[in-house]
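# Summary of the model geometry
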Amino acid sequence: MASKNPLLLLSYATIAGLWIGSQLIDIPYVVNLMLLVTAILYAACHFSLTLREEQALARGDKPPKDENANVDGKKGDGDDEEEEEGERPQYETLKAADAMQFPLLGSCSLFGLYLAFKFFDKDTVNLVISVYFCLVGLAALTATFGPALESVGPKFLSVEFSKHFQIKHALPEFIGGESPWKIGVDCNVADIFAFFGSAAFSVVYFQTKHWTMNNVMGICFCLQGIERFSLGTYKIGAILLVGLFFYDIFWVFGTEVMVTVAKSLDGPIKILFPRSLIPDAVTGKLEMSLLGLGDIVIPGFFLALLLRFDAHRANLPVFPTNVHASFPKPYFHSALLGYVIGLATTLYVMIVFKAAQPALLYLVPACLSSSLLCAAVRGELKELFEYSEEEEEEEEEGDEKKDEKDKKDD
């Protein structure tokens, strides 16, 4: 039996324990916040190691067990290669241009929400947004609890179902994409149970908006986002972080927009931490502190990239991916430590000055400086900057340039 990573198991236990404990006893919100966010990042980043397998499949690499799959002689090796080439999964990473545009798009979305709350009925705006988040939350909850249910439940939960079909359409490609649409459903019994359980959860959340249910959805958004998204390269990650560094400073210090939207929007875009379990005598509500999901997810993308870089340096096997594998993680650990120091600094300044703080003001320098310092000390700056998860695209561009050069020579 393969050994488990005790820190990964402890992370999930911490998430569950804090969620339950914060409803029963008064946990200092600073302790609650620091422990919960650290546990979320540790767990999500380690499960992002599965992206290495997806990247390898997208490049056309084959798992070792499939290389000699021609046992019955019905298919030749060439047929297998053609079939796998045709079914090669698509894998996308963030581009440098996207990273540069992200703060602008985020600003437009943020200001649009601010205007919506200012000129329209607040309850109506929250109703529309709540419907959207409940639908997206349904997917995030299912993706989180399906595998968990499968791992602890009986074997029949692993029985798989698969259905794929195509739908032709006459829409222009810039509207409807390529024709036909390829639609597929791959799931198992555990996913089905998780889907119906998540649907019931989403309905109750929509009706009650209880802070504990808000946190469940928020945690699932963080886990799924970090696990499934790749920045592509260290440089692109740095561009994104620096852009959002200025974005956060402007909208928090320069205007009332960020704080207004955060307080007005009644949805799982933040994790709530009760300062006390005794309701306020006037409002009858609990006094809450909050941390936006962006302050967890955006640095989380960066930390996850560094963990996969550690795995790359350690030559960790891609097939099969083992999220519990033990290997040196200097870049991940240094950046995670930097994040914790940055978050602690944010809370300290917020408490001392009794004013909302743009967390990325402290988190971005902490994450970038810690990872760069680690690379400088180890003499691996060049290797860090050259690491890329866009290898297939780079190879294709190189082949195209080579073909063009050959044609010119002819």
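Residues numbered from 1 in each chain as written. Predicted model: local features only at pLDDT ≥ 70, side-chain atom pairs only at ≥ 80, totals over all residues. Heavy atoms only, no water.

## Remarks on the packing of aromatic side chains
Selection criterion: By convention, a stacked pair of Phe, Tyr or Trp rings (six-membered ring in the case of Trp) has centres within 6.5 Å and planes under 30 degrees apart, an edge-to-face pair has planes over 60 apart, and any other such pair is tilted. Helix and strand assignments follow DSSP, with helices taken as H or I runs no shorter than four residues and strands as E runs no shorter than two, numbered in order from the N terminus. Any residue under 20% of the maximum accessible area for its type is buried, any over 50% is exposed, and the rest in between are partly exposed; the area is computed with a 1.4 Å probe on protein chains only. The rule for a charge over a ring is simple: NZ of Lys or CZ of Arg within 6 Å of the ring centre, and within 35 degrees of the ring normal.
Evaluation of the coordinates by the stated rule reveals 14 aromatic pairs. Consider the rings of Phe309 and Tyr387, whose centres lie 5.2 Å apart with planes at 55 degrees: the pair is tilted. Of the two residues, Phe309 is situated in helix H13 (residues 294-313) and Tyr387 in the loop between helix H16 (381-386) and helix H17 (391-409); the sequence distance between them amounts to 78 residues. The class of Tyr387 is buried, set by a relative accessible area of 9%. The side chain of Arg275 reaches across the aromatic face of Tyr29, ending 4.2 Å from its centre. Positioned over the ring face of Phe327 is Lys329, at 5.0 Å from the centre of the ring.

## Remarks on unusual backbone geometry
Residue Pro180 follows Ser179 across a cis peptide bond; omega there is 0 degrees. Along the chain, Pro180 turns up in the loop between helix H8 (173-176) and strand S2 (181-188). Geometrically, the link from Phe319 to Pro320 is a cis peptide bond, its omega value of -15 degrees lying close to zero. For Lys209, which is not glycine, the phi torsion reads 55 degrees and is therefore positive. Tracing the chain through its elements places Lys209 in the loop between helix H9 (189-208) and helix H10 (211-228).

## Considerations on the nonpolar core
We count it as follows: Put simply, a nonpolar core is a bunch of buried Ala, Val, Leu, Ile, Met, Phe, Trp, Tyr and Cys residues held in one set by side-chain atoms that sit within 4.5 Å of each other. We call two residues in contact whenever any of their non-hydrogen atoms come within 4.5 Å of each other.
Residues Ile40, Ile296, Phe302 and Leu303 are the most contacted members of the largest nonpolar core, which totals 91 residues. Those residues in contact with Leu303 that lie beyond four places of it in its chain are Leu41, Cys45, Phe332, Ala335, Leu336 and Cys367.

## Describing the packing of helix H7 (residues 122-152) against H10
Put simply, the rule is: Here, axes are lines fitted to C-alpha atoms. For helices the fit covers the stretch in contact, and angles between N-to-C directions go from 0 to 180 degrees. Orientation labels follow simple angle bins: below 35 degrees gives roughly parallel, above 145 gives roughly antiparallel, 65 to 115 gives roughly perpendicular, and whatever is left gives oblique. The crossing is said to be left-handed when, going from far helix to near helix, the turn is anticlockwise and less than a right angle, and right-handed when the turn is clockwise. Under the grouping applied here, Gly and all other residues not named as nonpolar or charged are polar, the nonpolar ones being Ala, Val, Leu, Ile, Met, Phe, Trp, Tyr, Cys and Pro and the charged ones Asp, Glu, Lys and Arg.
Contact pair H7 / H10: the axes reach a minimum separation of 9 Å and the direction vectors enclose 65 degrees. When the interaxial angle is binned, H7 and H10 end up roughly perpendicular. In the packing of H7 onto H10, the handedness of the crossing is left-handed. Here H7 contributes Phe133, Cys134, Val136, Gly137, Ala140, Leu141, Ala143, Thr144 and Phe145 to the contact with H10, which in turn contributes Val216, Met217, Cys220, Phe221, Leu223, Gln224 and Arg228. Partitioning the contact of H7 with H10 into residue classes produces twelve nonpolar, three polar and one charged.

## Things to note about H13
Our working definition: The length a helix should cover is 1.5 Å for every residue beyond the first. Here the bend at a residue is taken as the angle between two axes, fitted respectively to the seven residues that end there and the seven that start there.
When the terminal C-alpha atoms of H13 are compared, their 29 Å separation across 20 residues agrees well with the 28 Å that a helix rising 1.5 Å per residue should span. Of all the bends in H13, the greatest measures close to 25 degrees and is centred on Gly300. Burial of H13 is extensive: 17 of the 20 residues sit out of reach of the surface. Just past H13, the residue Asn315 takes up positive phi, approximately 55 degrees.

## What to know about the pattern of salt bridges
Applied cut-off: One side-chain nitrogen of Lys or Arg within 4 Å of one carboxyl oxygen of Asp or Glu is enough to make a salt bridge.
This model, assessed by the stated rule, comprises six salt bridges. For Asp266, the salt bridge is made with Lys209, and the minimal N-O distance between the two is 3.8 Å. Taken together, the residues span a long stretch of sequence, with Asp266 in the loop between helix H12 (257-264) and strand S3 (270-274) and Lys209 in the loop between H9 and H10 at a distance of 57 residues. Across the salt bridge formed by Glu389 and Arg308, the nearest N and O atoms sit 2.7 Å from each other. Of this pair, Glu389 sits in the loop between H16 and H17 while Arg308 sits in helix H13, placing them 81 residues apart in sequence. Residue classification places Arg308 among the buried residues on the basis of a relative accessible area of 0%. Through salt bridges with shared partners, one network takes in Asp310, Arg313, Arg378 and Glu380.

## Considering a nonpolar patch on the surface
Selection criterion: Note that patches include only residues with greater than 30% relative accessible area and no salt bridge, and the join distances are 9 Å for like charges and 5 Å for nonpolar side chains (Val, Leu, Ile, Met, Phe, Trp, Tyr). Reported accessibility uses the Shrake-Rupley method at a 1.4 Å probe radius. Residues are deemed covered only where the shown protein chains occlude them.
A surface patch of nonpolar side chains, about 880 Å² in accessible area, is lined by Leu149, Val152, Phe156, Val159, Phe161, Ile192, Phe193, Phe195 and Phe196. Sorting the residues of the nonpolar patch by element identifies H7 and H9 as the ones contributing at least two each. Considering every element that reaches the nonpolar patch, the biggest residue donor is H9, with four residues. Here Phe195 is to be found in helix H9. Its relative accessible area of 38% is what places Phe195 among the partly exposed residues.

## With respect to the pairing of S3
S3 sits mainly inside the fold: five of its five residues count as buried. Covered by surrounding structure in S3 are Lys270, Leu272 and Pro274 together with Ile271 and Phe273, the residues of both alternating faces.

## Regarding H12
Operational definition: This arc is taken over the directions from the axis of the helix to the C-beta atoms.
Taken together, the buried positions of H12 are occupied by Val257, Met258, Val261 and Ser264. Buried residues along H12 cover an arc of 145 degrees about the axis, so they all sit on one side.

## With respect to empty space enclosed by the protein
Rolled over the atoms, a probe as big as a water molecule pinpoints where empty space is left. Note the following rule: A 1.4 Å probe that fits but cannot get out identifies a cavity on a 1 Å grid over protein atoms alone, an open set with protein on both sides within 12 Å along at least five of seven lines counts as a pocket, and a residue lines either if it has an atom within 4 Å of a point. Grid points are joined across faces, edges and corners, and a volume is the space filled by probe spheres set on the points.
Applying the stated criterion across every chain, the model contains one cavity of 30 Å³ or more. The calculated volume of the largest cavity comes to roughly 70 Å³. If you trace the largest cavity, you find it lined by Ile15, Leu18, Trp19, Ser22, Asn32, Leu36, Trp211, Asn215, Ile219, Leu272, Phe273 and Pro274. Contributions of two or more residues to the lining of the largest cavity are made by helix H1 (6-24), helix H2 (29-47), H10 and S3. At four residues, the largest contribution of residues to the lining of the largest cavity is made by H1. Classifying every residue of the lining of the largest cavity gives nine nonpolar, three polar and no charged.

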